[in-house]
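# Breakdown of the fold
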Amino acid sequence: QQQVKQSPQSLIVQKGGIPIINCAYENTAFDYFPWYQQFPGKGPALLIAIRPDVSEKKEGRFTISFNKSAKQFSLHIMDSQPGDSATYFCAANDTNFGNEKLTFGTGTRLTIIP
Amino acid sequence: DTGVSQDPRHKITKRGQNVTFRCDPISEHNRLYWYRQTLGQGPEFLTYFQNEAQLEKSRLLSDRFSAERPKGSFSTLEIQRTEQGDSAMYLCASSPKVEGEQYFGPGTRLTVT
């Protein structure tokens, strides 16, 4: 059962554009939603995370938008650069009762063209 | 470098052999996690430790898999009688507290021939 659905599978954006990656979840108990960036041959690196008590969070060029009623959240990358080309994963977990495991989406391969 | 480290980075083994991977978490992080990632997929949770106690194991972790974290520091993941389906990237992550961010290591890529 895929609890976190991510789209699109791949995305090509011109430098300076704003790629948007979307995720939808089913489990209403999820209360922590991180985004990870992964380069080929490397482990995922934490970019930014949000909790459902806010609808938006910004860190540098990265913004998460969160819609609790729709059970959706998205990542926006402002002023995208070729160095942002990587695979991005959304994730979620239910931190209540000490539940620790992250459930990941299937990833979005982002390419920023000069 | 004070990040999560994993060893080896790559491992090629023949079907039926046993392999062991090591993870060194960020110091002072008491939570340690193992995930498996196959090509084109997101990481899948395998197990996690709080200090030396193994608190949860995924159904993905068959009887051939065992993980330990003696003394609550580094951790090892052993796969016995490897199968071709075990070929994947094995990722380790650590976290300083419950509800905390998980920081991943570079992974160990296992290829079973």
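For the structure itself, consult the block above.
Heads up: these notes are all about the structure in this document. (Residues numbered from 1 in each chain as written. Chains lettered and ligands numbered in written order. Predicted model: local features only at pLDDT ≥ 70, side-chain atom pairs only at ≥ 80, totals over all residues. Heavy atoms only, no water.)

## What to know about the overall build of chain B
Quick reminder of the rule: Only DSSP runs of H or I with at least four residues qualify as helices, and only runs of E with at least two residues qualify as strands; both kinds are numbered from the N terminus onward. Here the radius of gyration uses the C-alpha set of atoms, whereas the globule reference equals 2.2 Å times the residue count to the power 0.38.
Of the regular secondary structure elements, chain B holds zero helices and eleven strands. Ordered by position in the sequence, the α and β elements of chain B form the string β-β-β-β-β-β-β-β-β-β-β. A compact globule built from 113 residues should have a C-alpha radius of gyration of about 13 Å, and chain B, at 13 Å, falls within 12% of that. The C-alpha extent of chain B, read off along each of the three principal axes, is 40 × 25 × 25 Å.

## A short note on the state of the cysteines
This is how it is decided: When the sulfur atoms of two cysteines come within 2.5 Å, that pair is taken as a disulfide. Note on classification: 1.4 Å probe, protein chains only; a residue is buried when its accessible area is under 20% of the maximum for its type, exposed when over 50%, partly exposed between these limits.
Inspection of the entire model under this criterion finds two disulfides over all chains. Paired by a disulfide, C23(A) and C90(A) hold their sulfur atoms 1.8 Å apart. The chirality of the disulfide connecting C23(A) with C90(A) is left-handed, given an S-S dihedral of about -95°. Placement of the pair is C23(A) in strand β3 (residues 20–25) and C90(A) in strand β9 (residues 86–92), with a sequence separation of 67 residues. The same class applies to C23(A) as to C90(A), namely buried. Disulfide pairing places C23(B) opposite C92(B) at an S-S distance of 1.8 Å. Where C23(B) bonds to C92(B) through sulfur, the torsion about that S-S bond is close to -65°, and the disulfide is left-handed. Remark: C92(B) occurs in strand β9 (residues 88–95) and C23(B) occurs in strand β3 (residues 19–24); sequence separation between them is 69 residues.

## Digging into the sheet that holds strand β1 (residues 4–7) of chain A
Residues and elements named next belong to chain A. Keep this limit in mind: Strands were regarded as paired on the criterion that DSSP finds at least two bridges between them. A fitted line through C-alpha atoms serves as each axis, taken over the contacting stretch for helices, and the angle formed by two N-to-C directions is quoted from 0 to 180°.
The antiparallel open sheet is built from five strands, whose spatial order is β1-β3-β8-β7-β6. Only two strands of the sheet have a single partner each, and these edge strands are β1 and β6 (56–59). Strand-to-strand twist of the sheet, defined as the mean angle between neighbouring strand axes without regard to direction, takes the value 15°. As judged from the five bridges shared by β3 and strand β8 (residues 72–77), these two strands associate in the antiparallel manner.

## Concerning a nonpolar patch on the surface
Heads up, the condition is: Surface patches are defined over residues having more than 30% relative accessible area and no salt bridge, joining like charges when they lie within 9 Å and nonpolar side chains (Val, Leu, Ile, Met, Phe, Trp, Tyr) when within 5 Å. Using the Shrake-Rupley algorithm and a 1.4 Å probe, accessible areas are obtained, with residue cover drawn only from the displayed protein chains. By salt bridge we mean one thing: a side-chain nitrogen of Lys or Arg within 4 Å of a carboxyl oxygen of Asp or Glu.
Residues I18(A), I20(A) and M78(A) make up a contiguous nonpolar surface patch of about 230 Å² in total accessible area. Within the secondary structure, I18(A) is located in the loop between β2 (10–14) and β3.

## With respect to the environment of E52(B)
Residues and elements named next belong to chain B. Which entries qualify depends on this criterion: In what follows, a contact means two residues having at least one pair of non-hydrogen atoms within 4.5 Å.
By the secondary structure assignment, E52 is in the loop between β5 (44–50) and β6 (53–57). A relative accessible area of 51% places E52 in the exposed class. In sequence terms E52 and D63 are eleven residues apart; their C-alpha atoms lie 20 Å from each other. Residues in contact with E52, not counting those within four places in the same chain, are R69, K71 and G72.

## Here we look at the side chain of Q38(A)
Within the secondary structure, Q38(A) sits in strand β4 (residues 33–38). In this structure, Q38(A) is in contact with G43(A), P44(A), A86(A), T87(A), F89(A) and Q37(B), ignoring residues within four places of it in sequence.

## A word on the interface of chain B and chain A
As a measure of interface size, the accessible area lost when the parts come together is often cited. Note the cut-off: Buried area is a sum: the accessible area each of two parts loses on coming together, probed at 1.4 Å, counted once for each and added. For the purposes of these results, a polar contact is taken to be a pair of N or O atoms within 3.5 Å, where, inside protein, one atom must be able to donate a hydrogen and its partner to accept one; residues adjacent in sequence count only when each atom of the pair is a side-chain atom. We call Asp, Glu, Lys and Arg charged. Ala, Val, Leu, Ile, Met, Phe, Trp, Tyr, Cys and Pro are nonpolar, and the rest, Gly among them, are polar.
Each side of the interface is counted separately: chain B has 23 residues, and chain A has 19 residues. Each partner contributes to the roughly 1,600 Å² buried at the junction of chain B and chain A, and carbon and sulfur atoms together form 53% of this total. On the surface where chain B and chain A come into contact, there are one salt bridge. Here E56(B) makes a salt bridge to K101(A), at a shortest N to O gap of 3.7 Å. Across the chain B-chain A interface, the total number found is four residue pairs in polar contact (both at pLDDT 80 or more). For the side of chain B that touches chain A, the secondary-structure elements that each account for two or more residues are β4 (31–37), β5, β9 and β10 (103–104) of chain B. Per-element tally for the side of chain B that touches chain A: the top contributor is β4(B), with four residues. Residue classes in the side of chain B that touches chain A are distributed as eleven nonpolar, seven polar and five charged.

Taken by themselves, the reported measurements are silent on function.
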